[in-house]
Protein chains: 2
Amino acid sequence: MNDRPALPDAFDMAPVGLIESDFPDKFGIPRQPGLADAARASLVLLPPFDDPLTVRGLEAFSHLWLTFVFHQSPERWTPLVRPPRLGGNARVGVFASRSTHRPNRLGLSLVELVDIDTAHGVRLNLRGADLVSGTPVLDLKPYLPWAESRPEARAGFAPEAPPTLAVALSPAAEAELTRRDDGESLRALIRQVLAQDPRPAYRRGAEERVYGVRLRDVDVRFQARTDARGETRLEVIEIAPA
Amino acid sequence: MNDRPALPDAFDMAPVGLIESDFPDKFGIPRQPGLADAARASLVLLPPFDDPLTVRGLEAFSHLWLTFVFHQSPERWTPLVRPPRLGGNARVGVFASRSTHRPNRLGLSLVELVDIDTAHGVRLNLRGADLVSGTPVLDLKPYLPWAESRPEARAGFAPEAPPTLAVALSPAAEAELTRRDDGESLRALIRQVLAQDPRPAYRRGAEERVYGVRLRDVDVRFQARTDARGETRLEVIEIAPA
C-alpha cells in the first residue's frame, strides 16, 4: 500500500436523513430491531440526499439496513460493557456486544420498508425500527438475504430472541386507550415494548418502583408484579400526557 | 426534540482497525462478502482499540458485521448508479444499491470469524471478506441470526447470488501454482474470484482483451473464451509477479 496516500485520522460523516419515531426517549426502546413491529418510524432524507432518484428501485426490497449514530450516547467508551442479556453483571468486550456506548457510536438496524413517500422530498416509512426520534442516519442499503441471512450462525451469549414478560393494563390505562384515535396501535406498541422488559437489569428486584416509558406523546407508567406462581408481569398503571 | 442540543453537521469517525487481505486492488473483489471464502483477511485493531478486552467473548460468535469506509472510492456521489447486476445499463437510486460510490462511502460486510489472535494487540482472522487491503474499519459487531437472518426478504433486482462462470487455467498458470507453497489456496481463490466475473459489465463483449486481477502477490492475467455451446468461460493465461 506504499503507493497510496496516507489514511486520514478520521472520516467526516454527514447525516443523510433523520428518524421520526414513536420513541421520543431512549428508555424503553427494544434492544434489537424487529421486536416491536407496532412501532411507527420514518426516515426523512435531508438535502441534498432527498432527491427521489436516490431511492429509485428501493421499493422492490422488503428490508433495509440503516447505519446510524447513537447520538444520545456518550462519546466515551470502555473496553468492557455489561450487556443486559447477561443480567447486567457479566462483562464482555465492547466489540462482542451491540452496546450503544461504543467507539464511533455506530448503530446498525435491519428494518422493514413499508412504503416510500416522495410527495415532498423523500420519506421512507418503516416497521420494526428500534430508533429514538431524531437519530441521524448515515447510510441505508438494501438487505440481500442470499448474502446476509445466515440462520446457522452461532451467537454466543445471545443465541435467540430475548424472553418476553406478560403485560397487563389497569382499567385506567384501558380507559385512556379507548379515548384515543390510535388506541389500538398504541396498545400493541405498549405490549411489545414492555414485553421486552425495559427495566435496567440491575434493578429488576425492586418491584415497588414505578417506571415511565415515553411512547408517542404519552408517558406509560408501569410496575412489576409477581403472580401466585412466582412469575413476573409488568402492569401499566397509567397512560399520562408526556 | 426541542430540549436537545442541535445535531452536528457531521460526525468524526476514527478507524478502529485496518484490513489486511488477499486483495491489494479493488479490481476483482467479489461484489458481496461470502462469495470467495478462499480469500484470507484479517482485521488488525489500532491503538487504543487493540486492548484484548475489547473483543472478550467475541469468539463465541461465528459471524461479524464490519462497518468500513470505501476509502478508494471518490467522495463525489450521484443520485443514480448502474449496478453490475443489471448489466451496467439500467440505473437505480444510490440508496437502492450497494454501490461503493455513495454518500459517506460506508460499507457493510458480513464475514466469518475464524479466530482471534491477541499475542500482539488484536488480530481477527476472517473468512469470506470482500475488502481491499488497507480498508479502514469503523466498527465491528456480532451477528444476531434471530434478528438479522430474514431468508424471506424480497431483494428486488438482486434476488439471489450472482451467476458464476466456469474458470479454466492454462498449463503455464498451473505450473506456476505448483511452484508455490500456497498454490492450492491460491488456485481456489483465483477460481472463486474469476467465477464472479470481475470484468466491467459494459465490456463483456470484448473477448480479445486480457484482464489482470491482483491477488496476494501476483497478477492473474485472464481472458474470456466462448466454447462450442456458446458459453463463456474465463481462462487464466498467466500468473505473474505483481
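Counting from 1, residues in each chain are numbered in the order their sequence is written. Each chain gets a letter, beginning with A, and each ligand a number, beginning with 1, in the order they are written. The predicted origin of the model limits local features to residues at a pLDDT of at least 70 and limits the giving and counting of side-chain atom pairs to 80 or more, whereas totals for whole chains, interfaces and linings rest on all residues. Hydrogens are left out, water is left out, and the side-chain values use all remaining heavy atoms of the structure.

### Overview of unusual backbone geometry
Thinking step 1. The omega angle of the peptide bond from proline 47 of chain A to proline 48 of chain A is 0 degrees, so this bond is cis rather than trans.
Thinking step 2. Relative to the helices and strands, proline 48 of chain A resides in the loop between β3 (40–45) and β4 (63–69).
Thinking step 3. The residue aspartate 197 of chain B is not glycine, and still its phi comes out positive at about 55 degrees.
Thinking step 4. Secondary structure is summarised from DSSP: a helix means a run of H or I of at least four residues, a strand means a run of E of at least two, and numbering begins at the N terminus for each. Tracing the backbone through its elements, the reader meets aspartate 197 of chain B in the loop between α3 (183–195) and β11 (211–215).

### Re the domain arrangement of chain A
Residue and element names in this part refer to chain A.
Thinking step 1. Domain ranges listed in this record stem from an automatic or a database domain assignment. As far as domains go, chain A holds domain 1 (17–148) and domain 2 (166–200 + 207–241).
Thinking step 2. A separation of 24 Å is found between the C-alpha centroids of domain 1 and domain 2.
Thinking step 3. Any pair of residues with heavy atoms lying within 4.5 Å of one another is described as a contacting pair. With 14 residues of domain 1 in contact, the opposing surface of domain 2 contributes 17 residues.
Thinking step 4. Each partner contributes to the roughly 1300 Å² buried at the junction of domain 1 and domain 2, and carbon and sulfur atoms together form 56% of this total.
Thinking step 5. Once two parts are brought into contact, the accessible area they lose, counted with a 1.4 Å probe and summed over both, makes up the buried area. Looking only at domain 1, the three residues that lose the most surface to domain 2 are Pro24, Phe27 and Ala38, adding up to 38% of its buried area.
Thinking step 6. Salt bridges are defined by distance alone: a side-chain nitrogen of Lys or Arg within 4 Å of a carboxyl oxygen of Asp or Glu. Inspection of the region where domain 1 meets domain 2 yields two salt bridges.
Thinking step 7. One salt bridge in this structure joins arginine 214 and aspartate 25, with 3.7 Å as the shortest N-O distance.

### Digging into α3 of chain B
Residues and elements named next belong to chain B.
Thinking step 1. To estimate how far a helix should reach, multiply one less than its number of residues by 1.5 Å. The first and last C-alpha atoms of α3 sit 18 Å apart over 13 residues, in line with the 18 Å expected at 1.5 Å per residue.
Thinking step 2. Of all the positions in α3, only Gly183, Leu186, Leu189, Ile190, Val193, Leu194 and Ala195 are classed as buried.
Thinking step 3. Buried residues along α3 sit against β10 (166–169), α2 (171–179), β11, β12 (218–226) and β13 (232–241).
Thinking step 4. A positive backbone phi angle near 55 degrees is found at aspartate 197, which sits one or two residues after α3. Here's how the labels work: a residue is buried when its accessible area is under 20% of the maximum for its type, exposed when over 50%, partly exposed in between, all with a 1.4 Å probe on protein chains only.

### Some thoughts on the packing of aromatic side chains
Thinking step 1. Only the six-membered ring of Trp is used, alongside the rings of Phe and Tyr, when aromatic pairs are assigned; centres must lie within 6.5 Å, and planes under 30 degrees apart are stacked while those over 60 apart are edge-to-face, with the rest tilted. Applying the stated criterion to the full structure yields 13 aromatic pairs over all chains.
Thinking step 2. Summarising the aromatic geometry, the rings of phenylalanine 49 of chain A and tryptophan 77 of chain B are spaced 5.2 Å apart at their centres and angled 25 degrees between planes, so their arrangement reads as stacked. With phenylalanine 49 of chain A in the loop between β3 and β4 and tryptophan 77 of chain B in the loop between β4 (63–69) and β5 (80–81), this pair bridges two chains.
Thinking step 3. A relative accessible area of 8% means that phenylalanine 49 of chain A is categorised as buried.
Thinking step 4. For tryptophan 77 of chain B, a relative accessible area of 23% corresponds to the partly exposed category.
Thinking step 5. Ring centres 5.6 Å apart and planes at 25 degrees place the aromatic pair tyrosine 211 of chain A and phenylalanine 222 of chain A in the stacked group. One end of the pair, tyrosine 211 of chain A, is in strand β11 (residues 211–215); the other, phenylalanine 222 of chain A, is in strand β12 (residues 218–226), and eleven residues separate them in sequence.

### Details of the interface of chain B and chain A
Thinking step 1. Taken residue by residue, the interface counts 87 residues in chain B and 88 residues in chain A.
Thinking step 2. Among the residues chain B hides against chain A, the three largest losses belong to Met13, Phe95 and Trp146 of chain B. Together they make up 11% of the total.
Thinking step 3. Applying the counting criterion to the chain B and chain A interface returns four salt bridges.
Thinking step 4. Residues glutamate 148 of chain A and arginine 98 of chain B are paired through a salt bridge, measuring 2.5 Å at the closest nitrogen-oxygen approach.
Thinking step 5. Under this definition, polar contacts are N or O atom pairs within 3.5 Å; protein pairs additionally need one hydrogen-donor-capable and one acceptor-capable atom, and for neighbouring residues in sequence, both atoms have to be side-chain atoms. Taken together, the connections running from chain B to chain A amount to 41 residue pairs in polar contact (both at pLDDT 80 or more).
Thinking step 6. Within the residue set of the side of chain B that touches chain A, elements represented by two or more residues are β1 (11–13), β4, β6 (92–93), β7 (106–117), β9 (136–142) and α1 (145–148) of chain B.
Thinking step 7. Sorting elements by how many residues they give to the side of chain B that touches chain A places β9 of chain B first, with six residues.

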